[in-house]
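# Summary of the model geometry
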Amino acid sequence: MLEIKGLGHTYADGHRAVDGIDLEVDRGELVSLVGPSGCGKSTLLRCVAGLVRPTEGAVVVNGEPVSDVPADLAVVFQDYTRSLFPWLTVRDNVALPLRRRGLGRAERREAACAALDEVGLGSAARKYPWQLSGGMQQRAAIARALAYRPSFLLMDEPFGSVDAQTKEDLEDLILSVRAGTGMTILLVTHDIDESVYVGDRVVVLTGSPGRVHSDLRVELPSPRD
Ligand code: ADP
Ligand code: ADP
């Protein structure tokens, strides 16, 4: 269980990004965060990731503040150019975090290749990131996050650089991995269709500083059914 309690954040330059955010996310839930540019979606995600320490309130995981919790999360950012290590092959990029899972070298490579196959990058496993298109690098970053099988998966506009068909395939892949593992997912997107298709809930932030405007449970059948 993830609890965001009275979360507010003012950046060092005095810019107030979010204010009074309260949100509870159950284990295995996928919550889409939507709202206009600048309403604090990324800031909220970074607070949950522990990358930004909020100036007020707290993010609590299973009763412990996030700064005290051993990280069992993966983050996928929009900016794929800073996601992958350029000196490692795509396979080794995906395999690297699996050391923390205590897997041996052969097992890490096997899991990495399986995840790359899932995102349609099996044939690029031995290439270096700079040999791949932007969309392929982003798919590799998603493969790395999924291979790690984290308890929490945080994604900030992850499909910005992939084509429409790949985006649909990746959305379905994320849903099927979630179904198999029960990972809890927060997805920041500006795409309302996407937010409704993948989300169990759609949380709308608005304003500056951003606040929760609405928190909608998605009860509709999937639009692709
Ligand atoms: P969103 O993801 O919804 O576009 P952000 O969380 O990126 O919103 O930004 C919320 C507000 O905080 C924006 O006005 C943005 O300019 C500002 N902001 C984001 N990062 C920083 C930062 N590191 N320092 C100062 N202001 C920031
Ligand atoms: P987003 O795509 O989430 O809206 P932006 O394009 O607004 O993000 O910001 C890109 C990067 O610049 C982020 O790392 C953000 O933290 C930083 N940033 C945004 N606004 C500001 C700001 N006013 N001052 C400092 N850094 C900022």
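Now for a description of the structure that goes with this document. Computed from a prediction, not measured in an experiment: that's the story for all the values here.

### Comments concerning the site of ligand 1
- With respect to spatial proximity, the complete set of residues near ligand 1 consists of Tyr-11, Asp-13, His-15, Ala-17, Pro-36, Ser-37, Gly-38, Cys-39, Gly-40, Lys-41, Ser-42 and Thr-43.
- Burial of ligand 1 by the protein chains amounts to 67% of its free accessible area of 550 Å².
- Take the shell around ligand 1: its biggest share by element is 3 residues, from helix α1 (residues 41-49).
- Residue classes in the shell around ligand 1 are distributed as 4 nonpolar, 6 polar and 2 charged.

### Looking at the site of ligand 2
- The full set of residues close to ligand 2 is Asp-13, Ser-42, Arg-46 and Gln-78.
- Between ligand 2 and Ser-42, the relevant distance is 2.6 Å, taken from an oxygen atom to a side-chain nitrogen or oxygen of the residue.
- For ligand 2, an oxygen atom lies 3.1 Å from a polar atom in the side chain of Arg-46.
- In the complex, 30% of the free accessible area of ligand 2, which totals 550 Å², lies under the protein chains.

### What about the pairing of strand β3 (residues 30-34)?
- β3 sits mainly inside the fold: 5 of its 5 residues count as buried.
- A two-sided burial pattern is seen for β3, the buried positions comprising Leu-30, Ser-32 and Val-34 on one face and Val-31 and Leu-33 on the other.
- Note that β3 and strand β8 (residues 184-188) share 4 bridges and pair parallel. Residue Val-31 lies in a different strand from β8, and its bridge partner there is Leu-186.
- Bridge analysis of β3 against strand β9 (residues 201-206) gives 4 bridges, and the strand direction is parallel. Bridged to Val-34 within β9 is Val-204.

Parameters at a glance
Residues numbered from 1 in each chain as written. Chains lettered and ligands numbered in written order. Predicted model: local features only at pLDDT ≥ 70, side-chain atom pairs only at ≥ 80, totals over all residues. Heavy atoms only, no water. Near = heavy atom within 4 Å. Areas by Shrake-Rupley, 256 points an atom, 1.4 Å probe, with all protein chains shown as cover. Helix = DSSP H or I, 4+ residues; strand = E, 2+ residues; numbered from the N terminus. Nonpolar A, V, L, I, M, F, W, Y, C, P; charged D, E, K, R; others polar. Polar contact = N/O pair within 3.5 Å; in protein donor to acceptor, adjacent residues only side chain to side chain. Buried < 20%, exposed > 50% of the residue type's maximum accessible area, 1.4 Å probe, protein only. Pairing = 2+ DSSP bridges.

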